[in-house]
Structures are given as structure tokens and as C-alpha cells.
Amino acid sequence: GKEGGKDAKDKDAKADGHPKPEPLTLDPPKHPSLICMPRHDAGGDPKTQKRLQLVSLDGLLDYQMDDDDFEVSLMSEVFSEMLTQRSAMKILAHLRGCLAKHQEKEIKEHARKVAEDEAKAKEKEKEKEKEKEK
């Protein structure tokens, strides 16, 4: 019965050298995502079918000008610049925060020194007035 038909399908899949991939069932992503799945044509030429590869951003940026994947190279350049800009903005914001804290600390220190100097000056004036009264 059913098992005989299943064996026949397995034999057909093995005959062309490539097992038929099982369809993927994916839950919707929780965050904005890009899902890439290669297309498998039944009975198509394996040389013309696209295969999914995982390549790092560094690998995508290492391209030659005569490559056929201009769009992928362009997207990887733009994506790299976006990441660089985001990182630079975070570093700049942190440095500005550090600078603001440092300046605030210097202002408080300067105000404390001015207050101490004024207090010392008032004490000296009082001592001079007491000496004049004697």
C-alpha cells in the first residue's frame, strides 16, 4: 500500500541525486526580519539552482568589481556604513555624557573653591576690622 508508494518517491528523489527538501514552516518573526529561502525546482538543473549560504558581512564586503552580484555588494556596503554610523553615534553620545559629567564636576569644584576663597576673604576682613578697633 502506502509504503510501496513512499519507497517509489524516495527512489525518484535519489535518482536525480538530490533529495527533495522538506517545506519549512516558520512562525512569524517577533522583530522585523528578512527570511531567505532558496527555491528548489523539481527536476531542474542543480547548477542553475540557487543555494543558500551564510556569509559574514566581512565576506560580503570582500568582492571584486567584476562580480555579478552588484546588488548584494551594494547592500552590504550600505549596511556596513549604517552599522558604522550607529556605533559612532553611540560612542559620541557616551563621550558627550562623560564630558558633561566632567564639566559639571569642574563647575561644582570651581564654585566650592570660590566659596572657600570668599569665606577666607571675609574672615580676613573681620580680623582687620577687629585690629583697627583695638
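Note that the structure is predicted; figures quoted are calculated from it, not measured.

A. View of a positive patch on the surface. Residues Lys120, Lys124, Lys128 and Lys132 make up a contiguous surface patch of positive charge. Counting through the fold element by element, Lys128 comes out in helix 3 (residues 70–133).

B. Seen up close, the pattern of salt bridges. On inspection of all chains with the given rule, the structure shows three salt bridges. Of the charged contacts, one joins Glu104 and Lys108 as a salt bridge, the two residues approaching to 3.5 Å between their closest N and O atoms. Of this pair, Glu104 and Lys108 both sit in helix 3, four residues apart, which is roughly one turn of the helix. Look at Glu104 and you get partly exposed, because its relative accessible area is 46%.

C. Representation of helix 3. Here helix 3 is 64 residues long and its end C-alpha atoms lie 93 Å apart, about the 94 Å a rise of 1.5 Å per residue gives. Buried within helix 3 we find Ser73, Ser76 and Ser80. Among the structural elements, helix 2 (57–61) are those in contact with the buried residues of helix 3.

Basis of the calculations
Residues numbered from 1 in each chain as written. Predicted model: local features only at pLDDT ≥ 70, side-chain atom pairs only at ≥ 80, totals over all residues. Heavy atoms only, no water. Patch = residues over 30% accessible without salt bridge, like charges linked within 9 Å, V, L, I, M, F, W, Y side chains within 5 Å. Areas by Shrake-Rupley, 256 points an atom, 1.4 Å probe, with all protein chains shown as cover. Salt bridge = Lys/Arg side-chain N within 4 Å of Asp/Glu carboxyl O. Lys, Arg positive; Asp, Glu negative; His and termini not counted. Charge placed at Lys NZ, Arg CZ, Asp CG, Glu CD. Helix = DSSP H or I, 4+ residues; strand = E, 2+ residues; numbered from the N terminus. Buried < 20%, exposed > 50% of the residue type's maximum accessible area, 1.4 Å probe, protein only. Expected span 1.5 Å × (residues − 1). Contact = heavy atoms within 4.5 Å.

In short, geometric facts, not functional conclusions.
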